[in-house]
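Here is what each chain is made of, one letter per residue.
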Amino acid sequence: MKWKQQLFGMKAYQPGKPIEEVKREFGLEKIVKLASNENPYGYSPKVKAFLESDHTNHAIYPDGYAQNLRTVMANHLGVKETQLMFGNGSDDLIAIVTRALLYPGVNTVMATPSFSQYSHNAEIEGAEVRQVSLKDGKHDLKAMLEAIDENTSIVWVCNPNNPTGTIVSDDELTNFIQKVPSDVFIVLDEAYFEYVNSPEYKDTLHFVEEYPNVLVMRTLSKAYGLASFRVGYAIANEDIIKKLDPVRAPFNNSILSQKVAIIALEDQEFIQETTEKTALGKKQFVAFCEKHQLNYYPSQANFILFEVKADSDTVFKEMMKRGYIIRSGNALGAPGYIRVTIGTEEQNEEFLRLLEEVLTELGVFA
Ligand SMILES: *Cc1c(COP(=O)(O)O)cnc(C)c1O
């Protein structure tokens, strides 16, 4: 068959082990997954109440334009309805943007380590991937500018960055966007937008008005606690949305996901409460790192990447045996580190107690 050459040797995304499988394998009653940056408090109680009494007819197609959700989202963000596109998660938006703008002969610039889907999708389209190493855990925007040439089609800024949680400040971003050539598409992936509380991080939607080549993407999978419903959204100028929309699959958000997204958006109190708790939870991890002199990245997201002074995979396995699933830094381009989603206060406490035990057993702590 006439497969794309680049598919040979490519691997599918490796999700964390399913909870049920880990329970069986290790004979555990309880498993806590702190691996995928979901909201440990779940979703708004208003969404829960709706789901318990819902009678949606799933035999019919959803509204492919997501009109009701679009109206609510446009009001929420203060943008025009025509400036929005919804995706089956922002993973879908990344694929749409890539499919629209990348092909053999062009290149795409991104940081490394960063979110793996930028390079993964680019490889499928046969485009050249230019990865620029983080500097002190942050996007090296100067080096990224230097990596851009006349064949660059997309530059990705993951802000806050996954897996480090570090941010690009408003000043740095403004300076960068000014210097990127206007025919290079700039994607600002803000999957963790709701968690940021640094005064250096400002709302980026004004860039969408000021520059013809900027797209911002966000998601309801993280702070909104709706990962399973698959709702991501992009904000850009109308011309960009018009160009991208034909690439989008016709019914890429289910009826239920559209309804649930509206209810979730209207409960900003839930977002406020849970992001505040997460900020406090992050302090538990920072205190642990300080106490044990482990390097960590200053995270503005709901996860933290920190040093374990041991083999990451070993720590990952030892923590799994004790009922906690996390991400090994080996899989994220950060060997010697682990990435942990901030859980509830009790989860964090227990996790850190068990980690201390593991690192002591491994001889890291005297
Ligand atoms: C989780 C994540 C996404 C994907 O989220 P969806 O569930 O597909 O909306 C996109 N970008 C980053 C940086 C992420 O961490």
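Shown above is the structure to which this text applies.
Below is a short write-up of the structure. (Residues numbered from 1 in each chain as written. Predicted model: local features only at pLDDT ≥ 70, side-chain atom pairs only at ≥ 80, totals over all residues. Heavy atoms only, no water.)

1. Section: the packing of aromatic side chains
Evaluation of the coordinates by the stated rule reveals 11 aromatic pairs. Consider the rings of Y61 and F251, whose centres lie 4.4 Å apart with planes at 25°: the pair is stacked. One end of the pair, Y61, is in the loop between helix 2 (45-52) and helix 3 (67-77); the other, F251, is in the loop between helix 9 (238-244) and helix 10 (255-265), with 190 residues separating them in the sequence. A ring pair is formed by Y192 and F303, whose centres lie 5.0 Å apart and whose planes are at 75°; its orientation type is edge-to-face. With Y192 in the loop between strand 6 (185-189) and helix 8 (205-210) and F303 in strand 9 (residues 303-307), this residue pair connects regions lying 111 residues apart in the sequence. Assigned by exposure class, Y192 and F303 land together as buried. (Phe/Tyr/Trp six-rings, centres within 6.5 Å; stacked < 30°, edge-to-face > 60°. Helix = DSSP H or I, 4+ residues; strand = E, 2+ residues; numbered from the N terminus. Buried < 20%, exposed > 50% of the residue type's maximum accessible area, 1.4 Å probe, protein only.)

2. Overview of unusual backbone geometry
Leaving glycine out, the prevailing phi sign among residues is negative, and the prevailing peptide bond configuration is trans. Each neighbour pair has its own omega, and for N159 with P160 the value is 0°, a cis peptide bond. By the element assignment, P160 lies in the loop between strand 5 (152-158) and helix 7 (170-179). A cis amide bond links N162 to the next residue, P163, at an omega of 25°. In this fold, P163 is placed in the loop between strand 5 and helix 7.

3. A few points about empty space enclosed by the protein
A full pass over the atoms with the stated rule returns one cavity of 30 Å³ or more. Empty space within the largest cavity amounts to approximately 40 Å³. Considering the residues around the largest cavity, the lining is formed by D63, G64, Y65, A66, R70, F86, R248, F251, N252, N253 and Q258. Partitioning the lining of the largest cavity into residue classes produces four nonpolar, four polar and three charged. (1 Å grid on protein atoms, 1.4 Å probe; cavity = no way out; pocket = protein on both sides within 12 Å on 5 of 7 lines; lining within 4 Å. Points joined across faces, edges and corners; volume = space filled by probe spheres on them. Nonpolar A, V, L, I, M, F, W, Y, C, P; charged D, E, K, R; others polar.)

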